[in-house]
Amino acid sequence: MRSNSVSLFRLLVAERSALLRYLRSLIGSGEAKDVAQALYLKIRADDDHPPIANKRAFLYRVAHNVAAAAFRSAKSRASRFSSEEDILAQAPLPAPSAETVLLDREALARLTAALSELSPRSQEIVRMHRVEGIPTGDVAEKLGISRQMVGRYVAQAMVHCHARMEDENWIPPVSDRKDNPSDNGHNADRGAEK
């Protein structure tokens, strides 16, 4: 190391904690140590001509410049990544497979049937709390019951629905609608063949 570099290095070691506080005030604590390391590399490369008169002022000026460069670089990286995230967010999601759609429809039908087996009071509480997202305290206040009762209704409903969803032998009741999508007209054909 040359004389400017040696003097600056000694000053950097002596001023390290104060310099880190200064860097933290400029760019935050996450980058301060990295900037201090970059500052060390910068002063190590400094040549002796001309000799530096006020080494402390020079050290803080170089620290400020390195911190500013690091800040600009981080800001540029952030804008680049945010624009990439925007592009990804706008990209169309792949369509689910026909099998996935069919399984999801079946699960929804099973859940709807399981919910329909609950008492009207349970259905109302589950709808308010789980579907509409109304907090337990607000549901209790609207219905004139305690928060604990709301919790019990919801818990019992969830246990019931979970049991129905897991029970492979349970067949939800078929709706009376003629446009039942799960029927596809096959049941009507079977009855006519007999």
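Residues numbered from 1 in each chain as written. Predicted model: local features only at pLDDT ≥ 70, side-chain atom pairs only at ≥ 80, totals over all residues. Heavy atoms only, no water.

Caption draft 1: Structural view of the overall build of the protein. A count of helices and strands for the protein gives nine helices and zero strands. When the helices and strands of the protein are read in sequence order from the N terminus, they spell out α-α-α-α-α-α-α-α-α. Intrachain contacts of the protein at a sequence separation of at least 6 include 66% that bridge at least 24 residues. Here the protein displays about 14,200 Å² of accessible surface, and carbon together with sulfur accounts for 55% of that area. (Helix = DSSP H or I, 4+ residues; strand = E, 2+ residues; numbered from the N terminus. Contact = heavy atoms within 4.5 Å. Areas by Shrake-Rupley, 256 points an atom, 1.4 Å probe, with all protein chains shown as cover.)

Caption draft 2: Just a positive patch on the surface, in detail. A contiguous patch of positive charge on the surface is contributed by Arg16, Arg21, Arg24 and Lys33. For the positive patch, the element with the most residues is helix H2 (residues 16–27), which contributes three residues. Take Arg21: it is sitting in helix H2. Take Arg21: its relative accessible area is 53%, and that puts it in the exposed class. (Patch = residues over 30% accessible without salt bridge, like charges linked within 9 Å, V, L, I, M, F, W, Y side chains within 5 Å. Salt bridge = Lys/Arg side-chain N within 4 Å of Asp/Glu carboxyl O. Lys, Arg positive; Asp, Glu negative; His and termini not counted. Charge placed at Lys NZ, Arg CZ, Asp CG, Glu CD. Buried < 20%, exposed > 50% of the residue type's maximum accessible area, 1.4 Å probe, protein only.)

Caption draft 3: Region of interest: the nonpolar core. With 19 residues, the main nonpolar core has Leu12, Leu19, Leu23, Val35, Leu39, Ile43 and Leu59 as its most contacted residues. Going through the elements one at a time, helix H1 (3–14), H2, helix H3 (29–44) and helix H4 (55–90) are the ones with two or more residues in this core. A total of six residues in this core trace back to one element, the largest contributor, which is H4. With residues up to four places along the chain from it excluded, the contact list for Leu59 reads Leu8, Leu11, Leu12, Leu19, Leu39 and Ile43. (Core = buried A, V, L, I, M, F, W, Y, C linked by side-chain atoms within 4.5 Å.)

Caption draft 4: Spotlight on helix H7 (residues 136–143). For H7, the complete set of buried residues consists of Val139, Ala140 and Leu143. Buried residues along H7 cover an arc of 100° about the axis, so they all sit on one side. More than 90 degrees from the buried face of H7, the exposed residues found are Glu141 and Lys142. The secondary structure elements touched by the buried residues of H7 are helix H6 (120–131) and helix H8 (147–166). Following H7 by one or two positions, Gly144 has its phi on the positive side, about 70°. (Arc of directions from axis to C-beta.)

Caption draft 5: Structural detail: the packing of aromatic side chains. All told, the structure shown has two aromatic pairs when counted by the stated rule. Look at Phe9 and Tyr40: their rings are 5.5 Å apart centre to centre, the planes differ by 65°, and that puts the pair in the edge-to-face class. On the criterion of sequence distance, the pair formed by Phe9 in helix H1 and Tyr40 in helix H3 is long-range, its members being 31 residues apart. Judged by relative accessible area, which is 31%, Phe9 ranks as partly exposed. A relative accessible area of 21% means that Tyr40 is categorised as partly exposed. Ring geometry for Tyr22 versus Tyr60: centroids 5.4 Å apart, planes at 65°, classification edge-to-face. (Phe/Tyr/Trp six-rings, centres within 6.5 Å; stacked < 30°, edge-to-face > 60°.)

Caption draft 6: Structural context of the confidence of the model for the protein. Mean pLDDT over the protein: 80, with 79% of residues reaching 70 or higher. Low pLDDT, under 50, characterises residues 176–194; the predicted model gives this stretch two contacts beyond four residues in sequence or across chains. (pLDDT = per-residue confidence, 0-100.)

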